[in-house]
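Observations on the three-dimensional arrangement
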Amino acid sequence: MKRILFLIVIMSAAAAAQQSPHGPIKIACEVCHSTDTWTLRTDASFNHSTTGFPLEGTHQAVACRTCHENLVFTGKSTDCASCHADVHQEELGPNCVRCHTTQSWVVPDMRDKHQETRFPLLGAHRLINCEECHARASTHHFAGTPITCITCHKKEYDATTAPNHVAAGFGLECGTCHRIDSPAWPGGFDHNLTSFPLTGGHRAVMCVACHTNNKFEAISANCYDCHAADFRRPTSPNHVTGNFSQQCQSCHTTIAWQPATFDHNATNFPLTGKHTTVDCQSCHIGGNFQITYTDCYQCHRTNFESVTSPNHVTANFSHTCLTCHTTSTWNPSTFNHASTAFPLTGAHTSIDCQSCHKNGNYQLAYTDCYQCHQTNFEGTTSPGHVAGNFSHNCLTCHNTIAWQPGFNHASTAFPLSGAHTSIECQSCHINGNFQLTYTDCYQCHATTFASTTNPNHVTANMSHDCLTCHTTAAWQPATYDHNQTRLPLTGAHTTIQCAACHINNNYQLVFTDCYQCHQPNFVQATNPNHVTGNFSHDCLTCHSTVAWQPATFDHATTHFPLTGAHTAIQCNACHINGNYQLVYANCYQCHQTNFEQAANPNHVTGIFSHDCTTCHTTVAWQPASFDHATTHFALTGKHTTTACVSCHTNGNYQLVYANCYQCHQTEYAQPTDPNHVLANFDHNCATCHTTTAWNPSTLNHDGLYFRINSGTHRGQWTTCATCHNVPTSYAQFTCFTCHTHDKAVTDGHHTGVSGYSYTSAACYSCHRGV
């Protein structure tokens, strides 16, 4: 048995010393081998993805030894070139996967791959075989192939005759005319890139039609250089004899040589009206196209001289025909008289020219009516214009619409209104006197003013400004606006007769207040007596113009506004013996009797304040309410319901108590558990008691000292004396009433405890939270 164990040990040591033939790999042997035989297991399932080189495509079917020539698997390169010979001899770089895949060595989409090179395949290039450009393709050499067109297309360049590229010296940049994406070689030159873009008919002609003798450089862009024969050929009009400009585009376009159109608006004589339809030769006689005429007379002189109605020559008419004529038609003509110093209006617009322009005289300089209408002026008798020394400015009374009717009085210093507009002129302008300078009513209405008796205008010394009371609509009725005076009329004043105030026709009153008229009313008043009461003469303080009675006085304007029950009592209740000069500002002056009669409480002996509003209101004397919160001792709890005399004994309301003990001394002395006096308790009763009720008392023993109402001590005591065994001092206490520990045992339990002693104070210092 010992020998077997020895052999096992020897074999284990030998196995540990044996190196793996696969190199330093960390894969367990049983992944690939079995205990039956060392050869590779048929069900071996090695995951090649764990090596960093997953097997994909055809790599999955090759034998391991195809790549791993020996048994050492580590350190094998993952580059394609380590297994696959580079037939391109490093021309295309080491990254084979740019073109090849693990599925197949053949590149199926080489044309798409070509798009990633410097020469993407476009147009016909996508359809040709690789060998046509890559001459060494059979040996897998593709790099270095030129990408310029001429390299492949030199043959086409040399063979082209229309146009001959060689003779014309065309550049070798084929892309100038040929498109690389075109499906065929024939292309087209983009003439728009030159200084002469092709438009219209130029786009359809052959290149050699302009580029003769293979001349493609320094060709003129001027039309005439190509179209000189076309320029000389026309006879209607003859371009040569007409000295036409050689800028053919003035009349022709590239779309077609005919028809040609000339823009006459570009000249100094734009064509309008009839001019646009006449033949060119009608004006350009003898082929003269160098005319510089800019007015009508140069062409229409015959028309000007042949006119007799009116005769343009004898009347010395202007040669500016457009004054009367237009290009639309020569007749009828229209003259704008508004352009002269005498615009035509009204009836002047419909009369014949000869009515004014007699004997063909069109050089009149008349600017007013009198020059033509002198006969009408002198023949007028009603009124006589000459005798009345009327102005020669006929428009003062007349207008061009009709000679009659007449004068606008609003243009004078006395515009007519109301009844003045309907009376005859002679009613005012007596004896034909039209030079009146009247500006007010009195000059005409003095008789009416003097004859008036109600009121008498003369004795009352009334103003001569009649418009103060009268209007032009009618002399009667007259209305005077009293608001323009210092005493505007309101209320009942608006309905009384003037004579009620203006006694004995006195309209020069300067009264500005009520007393001057209402003195009798003031003196006669007895309730209250205004005279003895020394009332103000300002009646508006109590009275209004609506009615003398009832009168209302606003007591709020005094130092004592009325509120509550004061608003309903009679004035003489306060203003005794008609004394309205009171200066009272508080209640006591009137309510002294009420103050002195009060017995519950007695205000006098209680030395109450004379400020009655402290307890009373103007709504009612009773009930009274005192706000104790305004003192140093606000009432709360039971204090709010106790009678005043319970605290204020013997009518003493001058108490200055600020704590409970002063009133509750008896309650303080009565308790025995605990005895407040013997224990020398604080006089601050609020520490344990509240104003809600004296008992039960509430001392927060748990929060202030020691937990007796919660924790382990709850329910373990009956009276304070259970712990406080010294009645005269509640600062002292004992734990040993309940905790009767043997001192020796307790000392043993507290060995090493700092500050320990067998005393209640020591127990409390550590066990206060139990």
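Reading the values: the criteria
- Residues numbered from 1 in each chain as written.
- Predicted model: local features only at pLDDT ≥ 70, side-chain atom pairs only at ≥ 80, totals over all residues.
- Heavy atoms only, no water.
- Helix = DSSP H or I, 4+ residues; strand = E, 2+ residues; numbered from the N terminus.
- Rg over C-alpha atoms; globule rule 2.2 N^0.38 Å.
- Buried < 20%, exposed > 50% of the residue type's maximum accessible area, 1.4 Å probe, protein only.
- Contact = heavy atoms within 4.5 Å.
- Lys, Arg positive; Asp, Glu negative; His and termini not counted.
- Charge placed at Lys NZ, Arg CZ, Asp CG, Glu CD.
- Disulfide = S-S within 2.5 Å.
- Phe/Tyr/Trp six-rings, centres within 6.5 Å; stacked < 30°, edge-to-face > 60°.
- Polar contact = N/O pair within 3.5 Å; in protein donor to acceptor, adjacent residues only side chain to side chain.
- Salt bridge = Lys/Arg side-chain N within 4 Å of Asp/Glu carboxyl O.
- Core = buried A, V, L, I, M, F, W, Y, C linked by side-chain atoms within 4.5 Å.
- Patch = residues over 30% accessible without salt bridge, like charges linked within 9 Å, V, L, I, M, F, W, Y side chains within 5 Å.
- Areas by Shrake-Rupley, 256 points an atom, 1.4 Å probe, with all protein chains shown as cover.
- pLDDT = per-residue confidence, 0-100.

Regarding its fold elements, the protein presents 20 helices and zero strands. Whereas a compact globule of 770 residues would reach a radius of gyration of roughly 27 Å, the protein reaches 68 Å, over 25% beyond that. Along the longest, intermediate and shortest principal axes, the C-alpha atoms of the protein span 180 × 145 × 35 Å. Here the protein holds 770 residues, and 15% of them are scored as buried. Counting only contacts in the protein whose residues sit at least 6 apart along the sequence, the fraction spanning at least 24 positions is 44%. Seen as two clouds, the 28 positive and the 45 negative side-chain charges of the protein have centres 23 Å apart.

What follows concerns the state of the cysteines. Where two cysteines share a covalent bond between their sulfur atoms, that bond is called a disulfide. Scanning the entire structure with this criterion turns up zero disulfides. Counting only cysteine sulfurs, Cys 296 is the nearest neighbor of Cys 321, a cysteine outside any disulfide, at a range of 4.6 Å. By relative accessible area, Cys 321 is classed as buried at 6%. Free of any disulfide, Cys 356 has its nearest cysteine sulfur in Cys 372, 4.7 Å distant.

With that settled, the discussion passes to the packing of aromatic side chains. In total, this model carries 16 aromatic pairs according to the counting rule given. When the centroid spacing of 5.2 Å and the interplanar angle of 85° are considered together, the rings of Phe 317 and Tyr 362 count as edge-to-face. With Phe 317 in the loop between helix H8 (297-306) and helix H9 (353-356) and Tyr 362 in the loop between H9 and helix H10 (370-379), this pair connects stretches of sequence that are 45 residues apart. Judged by centre distance (5.7 Å) and plane angle (55°), the ring pair of Phe 706 and Tyr 764 falls under tilted. On the criterion of sequence distance, the pair formed by Phe 706 in the loop between helix H18 (701-704) and helix H19 (743-749) and Tyr 764 in helix H20 (residues 760-767) is long-range, its members being 58 residues apart. Here the aromatic cluster, defined as three or more aromatic residues joined through ring pairs, consists of Phe 706, Phe 733 and Tyr 764.

By the element assignment, His 191 lies in the loop between helix H4 (149-159) and helix H5 (207-210). In terms of polar contacts, His 191 uses its side chain to reach the backbone carbonyl oxygen of Phe 196, at 2.7 Å. Not counting chain neighbours up to four residues away, the residues in contact with His 191 comprise Phe 196, Pro 197, Leu 198 and His 211.

The subject of this paragraph is unusual backbone geometry. For the bond from Asn 454 to Pro 455, the omega torsion is 0°, close enough to zero to count as cis. Relative to the assigned elements, Pro 455 resides in the loop between helix H12 (442-451) and helix H13 (498-501). Cis peptide bonds are those with omega within 30 degrees of zero, and the linkage from Gln 549 to Pro 550 qualifies with -5°. Tracing the backbone shows Pro 550 in the loop between helix H14 (515-524) and helix H15 (588-597). Backbone geometry at Asn 243 places phi at a positive 55°, although glycine is not the residue there. In this structure, Asn 243 sits in the loop between helix H6 (223-232) and helix H7 (280-283). Residue Asn 243 is classed as exposed on the basis of its relative accessible area, which comes to 54%. In this structure, Asn 316 is a non-glycine residue whose phi angle is positive, near 60°. With respect to the element layout, Asn 316 can be found in the loop between H8 and H9. You can call Asn 316 exposed: its relative accessible area is 58%.

Let us now look at the pattern of salt bridges. Enumeration according to the criterion identifies seven salt bridges in this entry. With a shortest N-O distance of 3.5 Å, Lys 76 and Glu 69 are connected by a salt bridge. Across the pair Arg 233 and Asp 230 runs a salt bridge whose closest N-O atoms are separated by 3.1 Å.

Judged by nonpolar contacts, Tyr 297, Phe 304, Ala 315, Phe 317 and Tyr 362 together constitute the single largest core of five residues. Discounting residues that sit within four places of it in the chain, Tyr 362 has contacts with Pro 310, Ala 315, Phe 317, Cys 353, Gln 354 and His 357.

A cluster of nonpolar side chains, contributed by Leu 699, Leu 704 and Tyr 705, occupies part of the molecular surface with about 290 Å² of accessible area. Of note, Leu 699 is situated in the loop between helix H17 (661-669) and H18.

All buried positions along H6 are accounted for by Tyr 224, Ala 228, Asp 230 and Phe 231. The N-terminus of H6 is capped by Asn 222, whose side-chain oxygen sits 3.0 Å from the backbone nitrogen of Tyr 224.

Here we come to the side chain of His 616. Looking at where His 616 falls in the secondary structure, it is placed in the loop between H15 and helix H16 (644-647). Engagement of the side chain of His 616 in a polar contact is seen with the backbone oxygen of Trp 621, the distance being 2.7 Å. Filtering out sequence-adjacent residues up to four positions away, His 616 remains in contact with His 603, Trp 621 and Ala 624.

As a further point, take the confidence of the model for the protein. Low-pLDDT portions of the prediction should not be read for the details of their coordinates. Here the protein averages 84 in pLDDT, and 97% of its residues register 70 or above. pLDDT under 50 marks residues 1-17. Its contacts with residues more than four places away, or in other chains, come to zero contacts.

Another aspect to go through is the environment of Phe 304. In this fold, Phe 304 is placed in helix H8. A relative accessible area of 5% places Phe 304 in the buried class. Linking Phe 304 and Ser 318, residues 14 residues apart in sequence, is a C-alpha distance of 9.9 Å. Not counting the four nearest positions on each side in its chain, Phe 304 is found in contact with Tyr 297, His 312, Val 313, Phe 317, Ser 318 and His 319.

A separate point is the environment of Glu 116. Within the secondary structure, Glu 116 sits in the loop between helix H3 (110-114) and H4. Accessibility expressed as a relative area gives 63% for Glu 116, which makes it exposed. In the structure, Glu 116 is positioned 151 residues away from Thr 267 in sequence and 62 Å away in space, judged by C-alpha atoms.

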